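Listed below, chain by chain, are the residues.
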Amino acid sequence: MVTQTKTKVDENGDLAVLRFEGDITSHSEEAVLGKYRALNAATKKILLDFSKVPYLNSSGIALVIQLLMAANKASQKVVCFGLSAHFVKVFTMLGLAKYTSLHADETAAREAVG
Amino acid sequence: MKLLLLLFACAPSLSAQTGPLLDLSGEWRMSADDRPAYADPQFDDRTWKTVRLPWTQRPPIGTYWLRRGVDVPVGFSPATAFLTVGPVGEAYEVYINGERVAVAGKFGDFREAQLAHSRTFPLPPGPLPARLHVAVHVERMDVAQALSLFPGGTYAVTGSAPSLVDENLLLLLRQKTNQAPNLVLWASLLACALLFWLLWLAEKDRVELWWLGLLTISRGAIHICFYLAISLDSYPLPAPLSAYFAHALSSAALAELIMAFANVRTWWMHGLVWSYWLLHLLLRLPVRASALFDFAVLVLLFLGWQRNRQRDRLTWVTLLLVTMSHFNVGLRALPTSIEVNGYDLNLTSSALIVLSVLLAFLSLRRLLADRREKQRLAGELEAARTVQQLLLPAAAAQSGAWDLDAVYEPAQEVGGDFHWNRTTPDGSLVVVIGDVSGKGLKAAMLVSVAIGALRNEKSSSPAAILRALNEGLTGHTGGGFVTCCCARFDADGTTRVANAGHPAPYDDGEEVVVESGLPLGVVPDADYQESPMKGEQFVFISDGVIESANAKGELLGFDRTRQMSTRSAQEIADAARDWGQNDDITVVTVRRATLPGKVLA
């Protein structure tokens, strides 16, 4: 059963953390892109927290890719953490390494983003 | 006729039961003014109009006074005297010589309205004066026609408490008879509620049908409350009060119905509606609170109509009728029922029946239209599926040194996966497998675009093919993307592969290490690199294999897929489908023609 995506946003200076909860699917546009677009204009570093995301389908991954492309265009650094081993492989397979880095937890992600 | 005989048989004989009797029936003075001074025995009521009690016809709605003076006969001096009052109104108080001696019901609150019985009250002890000045302060409420059948009843002072059982049974029987049209309304409303809920089960996105079912059944409950009240001796709550709760429920359902019609889905409005109903249930809010809420519903109806005027006009008009009659129940500005051939007919429920019949008709018409539309769409999907099957290449191909097998099982009528192959003039086999993000017709259309581009592609280099496809698809994916893997198998056994975000192929049971570029259609200038492969039997899959999920939500996953990657295309597809298909499944196997047997491994 597909659950509705919720996103909690923590902003601190130029760093923002988007904490997703629930499956990310075609119904998650507001939770992914909507929350990204609503971030403070001064945001330069973005952490995407997938630790409470059990499943992303292809449409949901498309939303994440759109976020990564938009952030790349805006010269923002994006770091992901909390992905399951399956989706780490999927993200790697999708060639997203050029646009984001994948980390096990938030501490590692915060270190990576500097 | 049977009823008339029954009425005649049950006619009471009060004097025979009670001995000495001071009859108060006959001419009384009546004033529609409401002044406490009218209880004064000295008040001069000669200018008032004359009426007769028991009522011979239904008295007007409102508050009024009835007065009568009567001489007590010599010798009429019982130890305790009793006053018997017929069904004069829903609330009343009786004064004898200026002293209040009897009270029934509660003025200004129809929820406490009394059943239309004759009632007997003991008078204060002591000898009766020579003349009795009887003043009755009455409130005739327009609420409970079931409880207010006025013709008939006893008005008397007696020497002992009379038995009124037969007379009241007679009144109850007449009340039940009087309720016949409302019982028909109740049955109709119940049938409508069931119909609406059945329609809702057929179309769960039409939430207004659910609310309409609740509205009709709560209106029906009002009639049930009254009927139970006149049928049961020990009805748990005063009938008007329980009907009042049912009315509050129907008001809440009406508000929800209007919101559903107007497509208003604001959570706080739902909260407000049900808080109101809960408050009614817990606090027994004043009658005016009901009128205030029903007025708010009327305003909501206007706003809803402003917001969604394109809905059927007749439906809005009928909703207006129902809402206004609801509003009137609390306001009491107009009668809530009309008399038809001696029977009372509730106007709100009648308006609701009209609305129900209208909406049932419109719902059935829409259901049939939707069915026709679904059949048409199913036909179009079938046609699209046929076109897609024609576009995709044959499931098996042979190209000199290489044999190809393919299995494609879309999750819906049309799929977002595709595979394609071509033999080049030099005998090489070019194989492409891809997956459009999303499902359904939109994905299928993009598949057609991709296949069309592949058919026109002259290059046989995997990386060049992906670059060309990316160029053609960028800007046309509607925010989605296409993962794609392209491989070339030369006649001399050389193999090369390029990947655009697609699951890597398997080579003799091991995942091929291949540099993956971005999926197609994401950025216009994406670059793709070719990697060599060394084996003799290869398996290409779509993510529908890896992401097949069982009932526990457990994915088939990369490891299990790798372990079965030496099987035939059909076996791999079957295993994924049996695990739990939730996406298109595509498996393509390519093996050296010199290998023995048709099945890999």
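Residues numbered from 1 in each chain as written. Chains lettered and ligands numbered in written order. Predicted model: local features only at pLDDT ≥ 70, side-chain atom pairs only at ≥ 80, totals over all residues. Heavy atoms only, no water.

Before we go on, may I ask you to explain the overall build of chain A in this structure?
Along its length, chain A carries four helices and five strands. Secondary structure elements of chain A occur, N-terminal to C-terminal, as β-β-α-β-α-β-α-β-α. For chain A, the residues scored as buried account for 53% of the 114 residues in total. Sequence separation of 24 or more characterises 66% of the internal contacts of chain A that already satisfy a separation of 6 or more. For chain A, the computed accessible surface area is about 5,500 Å², with 51% contributed by carbon and sulfur atoms. (Helix = DSSP H or I, 4+ residues; strand = E, 2+ residues; numbered from the N terminus. Buried < 20%, exposed > 50% of the residue type's maximum accessible area, 1.4 Å probe, protein only. Contact = heavy atoms within 4.5 Å. Areas by Shrake-Rupley, 256 points an atom, 1.4 Å probe, with all protein chains shown as cover.)

Any chance you could explain the overall build of chain B here in plain terms?
Regarding its fold elements, chain B presents 15 helices and 24 strands. Counting across all 601 residues of chain B, residues that qualify as buried make up 53%. For chain B, the accessible surface area stands at approximately 27,100 Å², while carbon and sulfur atoms represent 60% of it.

Explanation requested: the confidence of the model for chain B in the structure shown.
Caution applies to low-pLDDT parts of the model: their predicted coordinates are not meant to be read in detail. Residues and elements named next belong to chain B. Mean pLDDT over chain B: 81, with 84% of residues reaching 70 or higher. Note that residues 1-18 has pLDDT below 50 and, in this model, 22 contacts with residues that lie over four places away or in other chains. Scored below 50 in pLDDT, residues 597-601 makes 13 contacts in the model with residues more than four places away or belonging to other chains. Taken over the whole predicted complex, pTM reads 0.53, whereas the ipTM for its chain interfaces reads 0.80. (pLDDT = per-residue confidence, 0-100.)

What is the right way to look at the pattern of salt bridges in this model?
Pairing is possible between side chains of opposite charge, provided their charged atoms come close. All names here are of chain B. Under the defined criterion, the tally for this structure stands at 22 salt bridges over all chains. Close ionic contact of D45 with R67 constitutes a salt bridge, the shortest N to O distance being 2.8 Å. Placement of the pair is D45 in the loop between β2 (26-31) and β3 (49-53) and R67 in strand β4 (residues 62-71), with a sequence separation of 22 residues. Ionic pairing is found between R206 and E208, a salt bridge with its closest N-O pair at 3.3 Å. In this structure R206 comes out as buried when scored by relative accessible area, which is 5%. When its relative accessible area of 6% is taken as the criterion, E208 is described as buried. (Salt bridge = Lys/Arg side-chain N within 4 Å of Asp/Glu carboxyl O.)

Looking at this model, I keep getting lost on the nonpolar core. Mind explaining?
Burial of nonpolar side chains together is a common tendency in soluble globular proteins. Ranked by internal contacts, the top residues of the largest apolar core, which has 81 residues, are L48, F50 and L56 of chain A together with F418, L520, V545 and V587 of chain B. Per-element tally for this core: the top contributor is helix α2 (residues 58-73) of chain A, with nine residues. Leaving out residues up to four positions away in the same chain, L48 of chain A has contacts with L18, F20, L67, V78, V79, C80 and F81 of chain A. Of all hydrophobic cores here, the second largest spans 42 residues; its members include L199, L215, F261 and W277 of chain B. (Core = buried A, V, L, I, M, F, W, Y, C linked by side-chain atoms within 4.5 Å.)

Could you clarify how one ought to interpret the packing of aromatic side chains in this entry?
How two aromatic rings sit relative to each other is given by the distance of their centres and the angle of their planes. Using the criterion set out here, one finds 22 aromatic pairs over all chains in the structure. Ring centres of Y38 of chain B and W48 of chain B lie 4.7 Å apart, and the angle between their planes is 75°; on these two criteria the pair is classed as edge-to-face. Residue Y38 of chain B is found in the loop between β2 and β3, and its partner W48 of chain B is found in the loop between β2 and β3; the two are separated by 10 residues along the sequence. Taking relative accessible area as the criterion, Y38 of chain B reaches 2% and is therefore assigned buried. Here the aromatic rings of W274 of chain B and W277 of chain B are separated by 6.2 Å at their centres, their planes lie at 75°, and the arrangement is edge-to-face. Placement of the pair is W274 of chain B and W277 of chain B together in helix α7 (residues 267-283), with a separation of three residues, close to one helical turn. When the ring centre of F558 of chain B is taken as reference, the NZ or CZ atom of K89 of chain A above it lies at 4.9 Å. (Phe/Tyr/Trp six-rings, centres within 6.5 Å; stacked < 30°, edge-to-face > 60°. Lys NZ or Arg CZ within 6 Å of the ring centre and 35° of its normal.)

Just checking my understanding: could you explain empty space enclosed by the protein for this structure?
A probe matching the size of a water molecule, rolled over the atoms, marks out where space remains unfilled. Residues and elements named next belong to chain A. On inspection of all chains with the given rule, the structure shows three cavities of 30 Å³ or more. Of the pockets and cavities examined, the second largest cavity occupies roughly 100 Å³. Among the secondary structure elements, those contributing two or more residues to the lining of the second largest cavity are α2 and α3 (85-93). (1 Å grid on protein atoms, 1.4 Å probe; cavity = no way out; pocket = protein on both sides within 12 Å on 5 of 7 lines; lining within 4 Å. Points joined across faces, edges and corners; volume = space filled by probe spheres on them.)

What's the story with the pairing of strand β18 (residues 495-500) of chain B in this structure? I'm lost.
A regular strand places its side chains on the two faces of the sheet in alternate fashion. Residue and element names in this part refer to chain B. Most of β18 is tucked away, with five of its six residues classed as buried. As judged from the five bridges shared by strand β17 (residues 482-489) and β18, these two strands associate in the antiparallel manner. Bridged to A487 within β18 is V497. Between β17 and β18, which follow one another and run antiparallel, lie five residues, and G493 among them has a positive phi close to 100°. Judged from the two bridges that link them, β18 and strand β21 (residues 516-517) form a sheet pairing that is parallel. Bridging from a neighbouring strand, A500 pairs with G517 of β21. (Pairing = 2+ DSSP bridges.)

Quick question: what am I supposed to make of the sheet that holds strand β13 (residues 396-399) of chain B here?
In sheet architecture, strand pairing relies on hydrogen bonds along the backbone and comes in two forms, parallel and antiparallel. Residue and element names in this part refer to chain B. Reading across the sheet, the six strands line up as β13-β14-β24-β23-β19-β20 and stay open at both edges, with antiparallel pairing between neighbours. A single partner strand is all that each edge strand has here, and the edge strands are β13 and β20 (510-511). As judged from the five bridges shared by strand β23 (residues 537-541) and strand β24 (residues 585-592), these two strands associate in the antiparallel manner. Bridged to I541 within β24 is V587. Along the sheet, helix α15 (residues 569-580) contacts β14 (402-409), β23 and β24; its crossing angle with β14, the most-contacted strand, is approximately 20°. (Axes fitted to C-alpha atoms, helices over the stretch in contact; angles between N-to-C directions.)

Would you take a moment to explain the packing of helix α4 (residues 180-202) of chain B against helix α10 (residues 347-391) of chain B for this structure?
A pair of packed helices is characterised by two quantities: the angle between their axes and the separation of those axes. Residues and elements named next belong to chain B. It is at 10 Å that the axes of α4 and α10 come closest, and there the two elements cross at 30°. On the basis of the axis angle, α4 is roughly parallel to α10. The chirality of how α4 crosses α10 is left-handed. Only S349, S350, L352, I353, S356, L359, A360, S363, L364 and L367 of α10 make contact with α4, whose side of the interface consists of L185, S188, L189, C192, L195, F196, L199 and A202. Looking at side-chain class alone, the contact of α4 with α10 contains 13 nonpolar, five polar and no charged residues. (Parallel < 35°, antiparallel > 145°, perpendicular 65-115°, else oblique. Left-handed = near helix turned anticlockwise from the far one by under 90°. Nonpolar A, V, L, I, M, F, W, Y, C, P; charged D, E, K, R; others polar.)

Whenever I open this one, the interface of chain A and chain B confuses me. Can you help?
Buried accessible area, meaning the area lost when the parts come together, often serves as the stated size of an interface. The partner chain B presents 22 residues to the 19 residues of chain A that form the contact. Carbon and sulfur atoms make up 65% of the surface buried where chain A meets chain B, a total of about 1,600 Å² over both sides. Three residues stand out in chain A for area buried against chain B, namely H86, K89 and M93 of chain A, and they jointly supply 35% of the buried area on that side. Linking chain A with chain B are one salt bridge. For E511 of chain B, the salt bridge is made with K89 of chain A, and the minimal N-O distance between the two is 2.8 Å. Scanning the region where chain A abuts chain B turns up four residue pairs in polar contact (both at pLDDT 80 or more). Those elements giving two or more residues to the side of chain A that touches chain B turn out to be α2 and α3 of chain A. The dominant element in the side of chain A that touches chain B, judged by the number of residues it contributes, is α2 of chain A, at seven residues. Of the residues belonging to the side of chain A that touches chain B, the class tally is 12 nonpolar, six polar and one charged. (Buried area = accessible area lost by both parts, 1.4 Å probe. Polar contact = N/O pair within 3.5 Å; in protein donor to acceptor, adjacent residues only side chain to side chain.)

I tried to follow a nonpolar patch on the surface on my own but got confused; where do I start?
There is a patch of nonpolar side chains on the surface, built from L278, L279, L281, L282 and L283 of chain B and spanning about 470 Å² of accessible area. Mapped onto the elements of the fold, L278 of chain B is located in helix α7. (Patch = residues over 30% accessible without salt bridge, like charges linked within 9 Å, V, L, I, M, F, W, Y side chains within 5 Å.)

Please explain unusual backbone geometry as it appears in this structure.
With glycine set apart, most residues show a phi of negative sign, and most peptide bonds adopt trans. Cis geometry is found at the peptide bond from L53 of chain B to P54 of chain B, where omega equals -5°. The backbone of D508 of chain B shows a phi angle near 50°, a positive value even though the residue is not glycine.

Explain the environment of R219 of chain B to me, please; I cannot follow it from the model alone.
Residues and elements named next belong to chain B. Within the secondary structure, R219 sits in helix α5 (residues 207-231). Between the alpha carbons of R219 and W186 there is a distance of 7.8 Å; along the sequence they are 33 residues apart. Residues within four places of R219 in sequence aside, it is in contact with L189, H247, S250, H326, N346, T348, S349 and L352.

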